[in-house]
Amino acid sequence: NGEVILASSLTTIPHKESPMEEPKSAQYNNLGSDKLPKPKIYLPGPITGCTNDEKYLWRKYIKLKYDSEFDFIDPIEFGDWECGQEKIMEEIQLKCRKAIKECTAVVAKMSRNSVGTSMGIFLGWWLGKIVVIICDKEKWPLLKSYSDVLVKDEDQAIGWLKMAILPRDKVRISQSIPNEAF
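The rules behind the values
- In every chain, residue numbers begin from 1 and rise along the written sequence.
- Reporting of local features is limited, given that this is a predicted model, to residues whose pLDDT is at least 70; pairs of side-chain atoms are given and counted only at 80 or more, and all residues count toward the totals for whole chains, interfaces and linings.
- The side-chain numbers reported here are obtained from all heavy atoms of the structure, hydrogens and water having been left aside.
- The helix and strand labels rest on DSSP assignments: H or I over at least four residues marks a helix, E over at least two residues marks a strand, and numbering proceeds from the N terminus.
- For each residue, the accessible area found with a 1.4 Å probe, counting protein chains only, is set against the maximum for its type, and the residue is called buried under 20%, exposed over 50%, and partly exposed in between.
- By definition in these notes, contact holds between two residues if any of their heavy atoms fall within 4.5 Å.
- Salt bridges are counted wherever a side-chain nitrogen of Lys or Arg sits within 4 Å of a carboxyl oxygen of Asp or Glu.
- For helices, the axis comes from a line fit to the C-alpha atoms of the stretch in contact; other axes are also lines fit to C-alpha atoms, and the angle between any two N-to-C directions lies between 0 and 180 degrees.
- With the far helix as reference, a near helix turned anticlockwise by less than a right angle produces a left-handed crossing, and one turned clockwise produces a right-handed crossing.
- Each residue is assigned to one class: nonpolar for Ala, Val, Leu, Ile, Met, Phe, Trp, Tyr, Cys and Pro, charged for Asp, Glu, Lys and Arg, and polar for all the others, Gly among them.
- To estimate the expected span of a helix, subtract one from its residue number and multiply by 1.5 Å.
- When we speak of the arc, we mean the arc of directions from the helix axis to the C-beta atoms.
- Strands are treated as partners if at least two bridges between them are detected by DSSP.
- Each Phe, Tyr or Trp ring, with Trp reduced to its six-membered ring, pairs with another whose centre is within 6.5 Å; inter-plane angles below 30 degrees give stacked pairs, above 60 give edge-to-face pairs, and intermediate values give tilted ones.

Undergrad: Break down the environment of Ile-73 for me, with residues and values.
TA: The topology assignment puts Ile-73 in strand β4 (residues 71-73). According to the relative accessible area criterion, Ile-73 is buried, its value standing at 16%. As a C-alpha pair, Ile-73 and Ile-100 span 27 residues in sequence and 8.8 Å in three-dimensional space. The residues contacting Ile-73, other than those within four sequence positions of it, are Lys-40, Ile-41, Tyr-42, Leu-43, Phe-78, Ala-99 and Cys-103.

Undergrad: Describe the pattern of salt bridges, and please don't skip the residues or the numbers.
TA: Evaluation of the coordinates by the stated rule reveals nine salt bridges. The shortest N-O distance in the salt bridge between Arg-59 and Asp-74 comes to 3.3 Å. With Arg-59 in helix α1 (residues 52-66) and Asp-74 in the loop between β4 and α2 (86-102), this pair connects stretches of sequence that are 15 residues apart. For Arg-59, a relative accessible area of 0% puts it in the buried group.

Undergrad: Describe the packing of α2 against helix α3 (residues 115-126), and please don't skip the residues or the numbers.
TA: Two numbers describe how α2 lies on α3: the axes approach to 10 Å, and their chain directions differ by 35 degrees. Here the hand of the crossing between α2 and α3 comes out right-handed. Every residue of α3 that contacts α2 at Gln-93, Arg-97 and Ile-100 is listed here: Met-119, Gly-120, Leu-123 and Gly-124. In terms of residue class, the contact of α2 with α3 is built from three nonpolar, three polar and one charged.

Undergrad: Describe α1, naming the residues involved and giving the relevant values.
TA: Because an α-helix packs 3.6 residues into every turn, residues spaced three or four apart end up facing the same way. An ideal rise of 1.5 Å per residue puts 21 Å on 15 residues; α1 measures up with 21 Å between its terminal C-alpha atoms. Of all the residues in α1, the buried ones are Lys-55, Trp-58, Arg-59, Ile-62 and Tyr-66. Projected down its long axis, α1 carries its buried residues within an arc of 115 degrees, all on one side. Exposed side of α1, more than 90 degrees from the buried face: Asn-52, Asp-53 and Leu-64 are the residues found there.

Undergrad: Which residues make up the pairing of strand β6 (residues 130-134), and what values go with them?
TA: A large share of β6 lies buried, amounting to five of its five residues. Covered by surrounding structure in β6 are Ile-130, Val-132 and Ile-134 together with Val-131 and Ile-133, the residues of both alternating faces. With three bridges joining them, β6 and strand β7 (residues 149-151) adopt parallel strand pairing. Within β7, the position partnered with Ile-133 by the bridge is Leu-150.

Undergrad: Go over the packing of aromatic side chains, please, and point to the residues and values.
TA: What the rule picks out here adds up to six aromatic pairs. Both rings, one in Trp-125 and one in Tyr-146, keep their centres 4.8 Å apart while their planes meet at 80 degrees; by these two values the pair is edge-to-face. Highlighted residues: Trp-125 in helix α3 and Tyr-146 in the loop between β6 and β7, separated in sequence by 21 residues. Owing to a relative accessible area of 35%, Trp-125 belongs among the partly exposed residues under this scheme.

None of the figures reported here should be taken as evidence of function without further support.
Here it is, written out as structure tokens:
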């Protein structure tokens, strides 16, 4: 009848017609189209003191394999992490915090102790982002408290992420995801 009755005051007020809000996953129904952006995924992992393979290979693998479904934010691209200059490091950290604030989810790799990776995980969790961590869950059990799931590898991480944020009609399961990933 176009009215809403407030129980607290038993007052009748007119109800304005307004479109219903779409569910969160609906904003990604047209992935890859010009209409809607792809979900943004932030990729923290050890950088300082790592070999080039440790820094780049896992990120490159994810970005190349899944770039049609997601946009990736790679903190390596924010500046020279090895420079040791305080001002540059502060600028890099500001870019990291901004990227985490703007992303849809965090996919982190915790292959060794890393303060920056831990901060990225915690900030993502604190801001209510989806947080998926690639790690040895026996070695890093505390990380479960600051994530949605701990997984063993990059494909499990993205597979879980697809199930969590992409609409059902856009998810193609090309491999089974082991139960321990959940």
